[in-house]
Amino acid sequence: MPKDVALAVVDGDPEAYETDNVHIIYDEIASHFSSTRYKPWPIIANFLDNLPTGWVGLDAGTGNGKYLSLPANRPGDLWTIGMDRSLNLLKIAKQAGGTNTLRELVLGNVLHNCWRAGAFDYAISIATIHHLSTEERRILAIQRLLEAVSPNYGRVLIYVWAIEQDELSKRRVPTSGNVTTGKDVMVPWVQQPALNSVSHDAQQRVHNRYYHMFAKGELQSLVRQAADNLQLEVGAVPENGKLGRRGIEIVQDGWERSNYYTELRCWKCS
Amino acid sequence: MVRLITHNLLACHVKGCTSNNFPLQFQDVSIEIREAEFNPDFLRGFIPKIEWKALVDTARQLGDTSLPLEPPEMLDDEFLKNLHHVLLEVHVEEGAMICPNCNHRYPISNGIPNMLLAEHEIA
C-alpha cells in the first residue's frame, strides 16, 4: 500500500533550507541511493539515442551519473558532463556505466552558470528541479538549462516528480479537489542497516528529503516563464521569421511513471 | 575529472565577471594520462564547437604542443589522434583553475573541479 507523504513547510532562506533538507541528505545516503538507481528511463534513453554523434551535453543534477554512459548502443558518440551538488554522488558517478571509461564531473549548482553561454548541444535535468524550494528557483534552474545550450538548435529534456504517482509508487501525495499547483512534501528515505551488521539492534535510519511534487501543467508553465524571462518566444520556428528572432519549441510534454517531462528545442531565425 | 573537453566549456561565473572570464588558467596541477577509446566520428562532430585558441593555449601550458594554432582543413588520422589525446586522455587530478579576469580560484580535488560559489558571489 502506498503511504501518504508528509506535507512540508518551506521557511527561512531557501538555500539553507535546501542544504539541510536535500544536499546533506544525498551526501549521506549516496551509496545506498545509487544502488537503487541504475535503470535509465526509456524516454530519456530514447532522447539521447537520437542525438547526433559529436554532441556534448550537460546533465544538471546527475546524481550517480546513470545517464552519462548513454547511448548504450553507440558508446562514446556523445559526451555528457555531469554536474551535482553532492560530492559523494559524484564520486560514485565517476565510474558510471561500469566500463573503464571515466566520466567528466563537476561539483556545481544548477542555479549557477559556470559554463560559457550556449556551449552545449543538449542538456538534461532529471529528477532535480523538484528539489528546489521556491518557484522562482525552479524557474531559474530552467533558465540555466536554456542558457547552457546552443540558441540555434540546443535541445533540453527535463523530468520532475508528479503528484500523480503510478500504481508501482510507494508513496501517495495527499490532495483534495482540483490540483493546479504542486505540493511541498517530505519523502522518507529508509536506509537499511548494513547486511553484515553484527549488532541485532542495528536501526533503520530514516532521512526526509524535500520535494516539490509537480501538478499537471505546472512544468510547462515554469518553462514558459523561464522563456519569458530570457525573452524567448514559445512555439514552432516561424517561417520567414525576422532575423535574430529566438525561441523554444515544446517538442513533447507528458507524464511517464510518476513523472512529468518536457522536451524543448531552441531556435533562432537566420 | 577535468579533462580539456570540460575545461573548454567552463567559464568563471562570479558576480560581475562577464568578460575575459574564459578560459580558466590551470595552476599547480598534477596530471594523469589515461588511455581512452579513440572515436574519430565524435571528434569530427565536436570540432566546430571547440574554442580552438583556448584549447591549444591550455594544452601548451600543460606541455602538449601537438595541436596546430588553427584547426586544419584536412582532418587526417594523425591530427585526430593528437586531438583525442589532448581532449580525452589528459586528466587534471589536483590543482586549481584561476579566472583570468577576477582571479577567483576554483579548486580541483580527486579530478573533480569545485565550481560552487557562495550566494553573495553570484550575479
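Analysis parameters
- Residues numbered from 1 in each chain as written.
- Chains lettered and ligands numbered in written order.
- Predicted model: local features only at pLDDT ≥ 70, side-chain atom pairs only at ≥ 80, totals over all residues.
- Helix = DSSP H or I, 4+ residues; strand = E, 2+ residues; numbered from the N terminus.
- Rg over C-alpha atoms; globule rule 2.2 N^0.38 Å.
- Buried ≥ 20, exposed ≤ 12 C-beta atoms within 10 Å, placed from the backbone.
- Contact = placed C-beta atoms within 7 Å.
- pLDDT = per-residue confidence, 0-100.
- Pairing = 2+ DSSP bridges.
- Axes fitted to C-alpha atoms, helices over the stretch in contact; angles between N-to-C directions.
- Nonpolar A, V, L, I, M, F, W, Y, C, P; charged D, E, K, R; others polar.
- Core = buried A, V, L, I, M, F, W, Y, C linked by C-beta atoms within 7 Å.

## A short note on the overall build of chain A
On a plain count of helices and strands, chain A comes out with 5 helices and 13 strands. Radius of gyration (C-alpha) of chain A: 19 Å, near the 18 Å computed for a compact globule of 270 residues. Taken along its principal axes, the extent of the C-alpha atoms in chain A is 70 × 50 × 35 Å. Scored against the burial criterion, the 270 residues of chain A give a buried share of 43%. Taking the intrachain contacts of chain A between residues at least 6 apart in sequence as the baseline, contacts between residues at least 24 apart amount to 68%.

## Section: the confidence of the model for chain A
Averaged over chain A, the pLDDT score is 89; the fraction of residues at 70 or greater is 94%. Ranking the elements of chain A by mean pLDDT puts strand 8 (residues 171-172) of chain A last with 76 and strand 3 (residues 55-60) of chain A first with 98.

## Section: the sheet that holds strand 10 (residues 205-213) of chain A
All names here are of chain A. Taken together, the 3 strands give an open sheet; going across it, the order is 2-9-10, and neighbouring strands pair in antiparallel fashion. Two strands bound the open sheet, and with one partner strand each, they are strand 2 (6-7) and strand 10. Examined bridge by bridge, strand 9 (residues 183-191) and strand 10 share 9 bridges and lie antiparallel to one another. Its bridge partner being in strand 10, V185 is matched across the sheet by Y211. Packing against the sheet, helix 1 (residues 14-35) makes contact with strand 9 and strand 10, and its axis sits at approximately 125° to strand 10.

## A look at the interface of chain A and chain B
With 26 residues of chain A at the interface, the matching set in chain B holds 27 residues. Mapped onto the side of chain A that touches chain B, the elements with two or more residues apiece are strand 3, strand 4 (78-84) and strand 5 (105-107) of chain A. Of the residues belonging to the side of chain A that touches chain B, the class tally is 13 nonpolar, 8 polar and 5 charged.

## Describing the nonpolar core
It is characteristic of soluble globular proteins that their nonpolar side chains tend to be buried jointly. Residues and elements named next belong to chain A. Among the nonpolar cores identified, the biggest contains 105 residues, and A123 and I142 are the most heavily contacted of them. A total of 7 residues in this core trace back to one element, the largest contributor, which is helix 4 (residues 135-148). Discounting residues that sit within four places of it in the chain, I142 has contacts with I129, I158, L222, V223 and A226.

## Observations regarding the confidence of the model for chain B
The predicted model of chain B averages 95 in pLDDT, with 98% of residues at 70 or higher. Interface confidence for the predicted complex, expressed as ipTM, amounts to 0.96; the pTM equals 0.93.

## Comments concerning unusual backbone geometry
Most peptide bonds take the trans configuration, and most residues that are not glycine carry a negative phi. Across the junction of L70(A) and P71(A), the peptide omega takes the value 0°, indicating a cis bond. Checked against the element boundaries, P71(A) lands in the loop between strand 3 and strand 4. Between F22(B) and the following residue, P23(B), the backbone shows a cis peptide bond with an omega angle of -10°. As for its position among the elements, P23(B) is in the loop between helix 1 (4-7) and strand 1 (25-33). Even without being a glycine, A127(A) presents a positive backbone phi close to 55°. With respect to the element layout, A127(A) can be found in the loop between strand 6 (122-126) and helix 4. For A127(A), a count of 16 C-beta atoms within 10 Å gives the class partly exposed.

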